[in-house]
Amino acid sequence: MPAAAAKETLGFQAEVKQLLDLMIHSLYGNKEIFLRELVSNASDAADKLRFEALSGNALYGADADLKIRVSYDKQARTLTVSDNGIGMSREEVVNNIGTIAKSGTREFFQSLTGDQAKDARLIGQFGVGFYSSFIVADRVTLVTRRAGLPSGEAVRWESDGGGEFTVEAVEKQARGTDVVLHLRSSEDELLSDWKLKEIIRKYSDHIAIPIVMKKMKWDKEKSEEKATDDDETVNQASALWARAKSEISEEQYREFYKHVAHDPEAPLAWSHNRVEGRQEYVQLLYIPARAPFDLWDRHERRGLKLYVRRVFIMDDAEQLLPAYLRFVRGVIDSNDLPLNISREILQESRDIEAIRAGSTKRVLGLLEDLAGNQKDKYAGFWKEFGRVLKEGVGEDPANRERIAKLLRFASTHADSEEQNVSLADYIARMKAGQDKIYYVTAETFLAAKNSPHLEIFRKRGIEVLLLSERVDEWLAANLAEHEGKALASVAKGELDLSKLQSDDEKKEEAKQAGGHRALVAKLKDALGDRVKDVRVSSRLTASPSCLVADEHDMGGNLARILKAVGQKGPQPKPILEINPAHPMVQRLDAEKTRFADWGILLFDQALLAEGGQLDDPAGFVRRMNELMLEMAGEGSRIIVPGR
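Just so you know, the residues in each chain are numbered from 1, in the order the chain's sequence is written. At least 70 in pLDDT is required for a residue's local features to be given in this predicted model, at least 80 for side-chain atom pairs to be given and counted, and no such filter applies to totals for whole chains, interfaces and linings, which use all residues. The basis for the side-chain values is all heavy atoms of the structure; hydrogens and waters are excluded.

In terms of helices and strands, the protein chain carries 22 helices and 22 strands. When the 643 residues of the protein chain are sorted by exposure, 49% land in the buried category. A sequence separation of at least 24 residues applies to 71% of the contacts in the protein chain between residues at least 6 apart. Here, Shrake-Rupley sampling with a 1.4 Å probe gives the accessible areas, and only protein chains in the shown set may cover a residue. A total of about 30800 Å² of accessible surface is found on the protein chain, and carbon and sulfur atoms cover 48% of it. Helix and strand assignments come from DSSP, with helices taken as H or I runs of at least 4 residues and strands as E runs of at least 2, each series counted from the N terminus. Remark: exposure states derive from per-residue accessible area (1.4 Å probe, protein chains only) relative to the maximum for the residue type, with buried under 20%, exposed over 50%, and partly exposed in between. Working rule for contacts: check all heavy atoms of both residues, and any pair within 4.5 Å makes them a contact.

At a minimum axis distance of 9 Å, the contact between helix α18 (residues 517-527) and helix α21 (residues 595-609) shows a crossing angle of 85°. Taken together, the axes of α18 and α21 lie roughly perpendicular to each other. Within the contact between the two elements, α18 uses L519, K522, L523, A526 and L527 and α21 uses F595, A596, G599, I600, L602 and F603. Gly falls in the polar group here, along with every residue not listed as nonpolar (Ala, Val, Leu, Ile, Met, Phe, Trp, Tyr, Cys, Pro) or charged (Asp, Glu, Lys, Arg). Here the residues of the contact of α18 with α21 sort into nine nonpolar, one polar and one charged. Every axis corresponds to a line fitted to the C-alpha atoms, with the helix fit spanning only the stretch in contact, and the corresponding angles, defined between N-to-C directions, vary from 0 to 180 degrees. Any angle that falls under 35 degrees is termed roughly parallel, while one over 145 is termed roughly antiparallel, one within 65 to 115 roughly perpendicular, and all others oblique.

The rule for pairing is simple: two strands pair if DSSP sees at least two bridges between them. With mixed pairing, three strands are arranged side by side in an open sheet as β20-β22-β21. For this open sheet the edge positions go to β20 (533-536) and β21 (545-548), each flanked by a neighbour on one side alone. The average angle at which neighbouring strand axes cross in this sheet is 25°, direction not considered. As paired elements, β20 and strand β22 (residues 575-578) share four bridges and run parallel to each other. Among the inter-strand pairings, R535 is bridged to a residue of β22, identified as E577.

What follows deals with the nonpolar core. What makes a nonpolar core is a set of buried Ala, Val, Leu, Ile, Met, Phe, Trp, Tyr and Cys residues whose side-chain atoms join them at distances within 4.5 Å. Among the nonpolar cores identified, the biggest contains 72 residues, and L306, L389 and Y438 are the most heavily contacted of them. Considering every element that reaches this core, the biggest residue donor is helix α9 (residues 350-373), with eight residues. Among the nonpolar cores identified, the runner-up in size contains 49 residues, and V39, A45, L66 and L142 belong to it.

This brings us to the environment of V440. Locating V440 in the fold gives a position in strand β16 (residues 436-441). Between the C-alpha atom of V440 and that of H453, which follows or precedes it by 13 residues, the distance is 8.0 Å. Once residues lying within four places of it in the same chain are set aside, the contact partners of V440 are A448, S451, L454, V464, L465, L466, L467 and V490.

Turning our eyes to something else, we now look at α18. For α18, every residue scored as buried is listed here: L519, V520, L523 and L527. The buried residues of α18 occupy an angular sector of 100° when projected down its axis, which confines them to one face. Of the residues in α18, the exposed ones pointing more than 90 degrees away from the buried face are R517, A518 and D525. Check the buried side of α18 and you find it contacts β20, β22, α20 (583-590) and α21. At the C-terminal side of α18, G528 shows a positive phi close to 60°. The directions from the helix axis to the C-beta atoms are what the arc is built from.

Next up, the structure:
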């Protein structure tokens, strides 16, 4: 016997061992879901066969009638789910079942909470539903033959859910896969025709290929149901998206979503439309209720399922929607695209561009409806996907205004971390004479909320948006204005609130700026190349100093973000603004011997207040110690080596 055909005992990947342990201890809140997962896998196998057969009908052989069969054996206590789809080779069996061949494994296990209901959702999203078999079975046998391979190259896989599994070559006349569950003693209910049909109709009625079982007939002599030789189709066996909306119940829409998204939780909202005109296609688009744990994994492909005239073409067709809508799940079924379309052709197709534009508008319309009419639902959506939607401001200029209306922010209006302020809300609360939408960016919400740049705005009751997510820097750079109101950072450029000031306030501000020219010049000289300029601040009321960026320079927060991710960019010098009314600045004005030290201390404090890092932390500590001791009247005790 060739080595490749020999029976082997192999160990599961460590992550699979953890997963099996979770499954065996009934991680799923509803154990019936195991059958939905197996049927869904069988449906995917049929779709993949259809796709591969586009370039070679020989793969069908004499069996072109695709179906899924569910059967049971009371005597053997087995439940079997069979399909005549694409099947698997020996290598595919080992790779697909012995290991979790998917990125984000570590993040998946870190996301587990111990709450069965929440963790069940993660399992579904992770796409490893095959392992749910071990909830109801103490042993699972899988026999499979890949389409196109000879009958002698079929594979038998078996495991009891422990740390190992066996793989061996066997004979199998038909292509496809049989999954045989050796049921636990407590699962007698599954050895029942009516129970299995109930589960199939509940969870898998939308599957587009027939799910068949043997017809049952009443045996009067034995007073029990007996299986006949005839098959009956248990599900509707038609593409759900191709039916009229009036024929589909909300429950059917929800169950189809669970199938297409591998998510046991119901969707937040959906849109089902038939588009006619230059292109004809059907779109069934879903907004999930929860973000998948690996939403930010760049290696994970995301997109819609693409069909052409009901024939499955590809999963994760990311060209059908822009990246900032990558959380959307669903199906696009086109009447116009060629059956042999590839990912490369998708990138260049004008028809795809039209479908992409139409689907994008449909999703944005769905979100607008939620935002306007179902505010609680939209708040839930924003909490899960708000950071992703923000990317669209820069990625999709054609829809920038529509996206801007959907944005939500935290602000000084409530000083809460909850992002529930729209730009329309902000504009409605603007002061008379205010012509800008003000915002501040920072690494954390508390840093934004407590920024010294906000002091004059709080004093005057001017609302400021508090932006503390990394994507906010990208958003602010690409959203110059909204509804005719410019967006302005409170930490950049000269602050002009003259339209909101009285004449007396303007005179006082000019007097302050002109009355401290000597101090400003002396500070600028002491700080040297640390700063681009020093000036009297119109922003500060309580803090002694702050750092601002010049009008066209990169802000300090963005510079730190780029540095953190290894990006080299320009490093413009900040401008130091001082508050001449603050006692520390007034004391500095009178300082003779240590003016440079106290000036540098003023700069370092401003840098720390905006979330920056000190170039010389030890020097900062030394200066602070000297200042505190001097204030305590003990400055004469300081001994500084080398001075």
